[in-house]
Amino acid sequence: MRVVKLLICIVHNRDKGKIVDELVRAGFKFTIIGSTGGFLREGNTTFLIGVEEDELPAVLKLISQNCKTREQLVNVTPIEAAPPGAFIPSPVKVPVGGAVVFVLDVARFERY
Ligand code: 2BA
């Protein structure tokens, strides 16, 4: 296997199971890392997926077809972080879900 691209793919936890199933079914090799979003500070899932050049379109399609964008209400200032008596803005809706995918060139891949 000539791994030339590494995908770092961050998805909503709710989409993790479907993406895992489809990646396994399609024969991709991958690692799952439990991660936390910096803005929402909620758990999300990060996949590391090493692929060959010609597999890239298929893996991107698989990811995009198996994750869903949703809207979530968030407090911009977490209530516990606000000073006593501070004005707490009403929650705002932010889109969550979908997938954020970084595609990196792999300089070298070894398996020992
Ligand atoms: P979070 O940082 O928890 O962000 C969750 C969602 O909140 C984001 O969805 C976006 O819709 C919104 N959001 C984030 N920062 C915001 C801000 N400063 N103001 C208003 N709304 C904001 P996505 O953009 O789809 O990102 C989903 C998750 O992907 C992020 O979770 C983060 O864990 C990761 N991510 C996104 N962009 C990244 C980047 N450039 N570098 C590293 N990780 C990234």
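Above this note sits the structure.
All residue numbers refer to position in the chain's written sequence, counted from 1. Side-chain atom pairs in this predicted model are given and counted only at pLDDT of 80 or more, local residue features only at pLDDT of at least 70, and totals for whole chains, interfaces and linings cover all residues. Side-chain metrics rest on all non-hydrogen atoms present in the structure, leaving aside hydrogens and water.

1. As for the pairing of strand β2 (residues 30–36)
Rule in force here: A pair of strands is labelled paired if DSSP reports no fewer than 2 bridges between them. Here a strand is any run of E in DSSP of at least two residues, a helix any run of H or I of at least four, and the numbering for each starts at the N terminus.
Across 7 bridges, β2 lies against strand β3 (residues 43–51) in antiparallel orientation. Across the sheet, Phe30 pairs through a bridge with Ile49, a residue of β3. The hairpin formed by β2 and β3 contains 6 residues between the paired strands, and Arg41 there has a positive phi angle of roughly 55 degrees.

2. Focus: helix α2 (residues 56–65)
Rules: Three exposure classes are used, based on accessible area relative to the maximum for each residue type with a 1.4 Å probe and protein chains only: buried under 20%, partly exposed in between, and exposed over 50%. Directions drawn from the helix axis to the C-beta atoms are what define this arc. Any two residues having at least one pair of non-hydrogen atoms within 4.5 Å are treated as being in contact.
Those residues of α2 lying buried are Leu56, Val59, Leu62 and Ile63. Looking down the long axis of α2, one finds its buried residues gathered within 130 degrees of arc, a one-sided arrangement. When the buried face of α2 is taken as reference, the exposed residues oriented beyond 90 degrees from it are Pro57, Lys61 and Gln65. The inward-facing, buried residues of α2 abut β1 (5–12), α1 (13–26), β3 and β6 (99–105).

3. Brief notes about the layout of surface pockets
A probe matching the size of a water molecule, rolled over the atoms, marks out where space remains unfilled. Keep this limit in mind: Residues are called lining when one of their atoms sits within 4 Å of a cavity or pocket point, these points coming from a 1 Å grid over the protein atoms alone, where a cavity is a set in which a 1.4 Å probe fits but cannot get out and a pocket is an open set with protein on both sides within 12 Å along at least five of seven lines. Grid points are joined across faces, edges and corners, and a volume is the space filled by probe spheres set on the points. Just so you know the grouping, Ala, Val, Leu, Ile, Met, Phe, Trp, Tyr, Cys and Pro go in nonpolar, Asp, Glu, Lys and Arg go in charged, and all remaining residues, Gly too, go in polar.
Taken as a whole, the largest pocket holds about 250 Å³ of empty space. Looking at the largest pocket, it is lined by 16 residues, and the ones nearest its centre are Ile10, Leu40, Asn44, Val96 and Gly97. Only β1, β3, β5 (92–97) and β6 provide two or more residues apiece to the lining of the largest pocket. Split into classes, the residues belonging to the lining of the largest pocket amount to 7 nonpolar, 8 polar and 1 charged.

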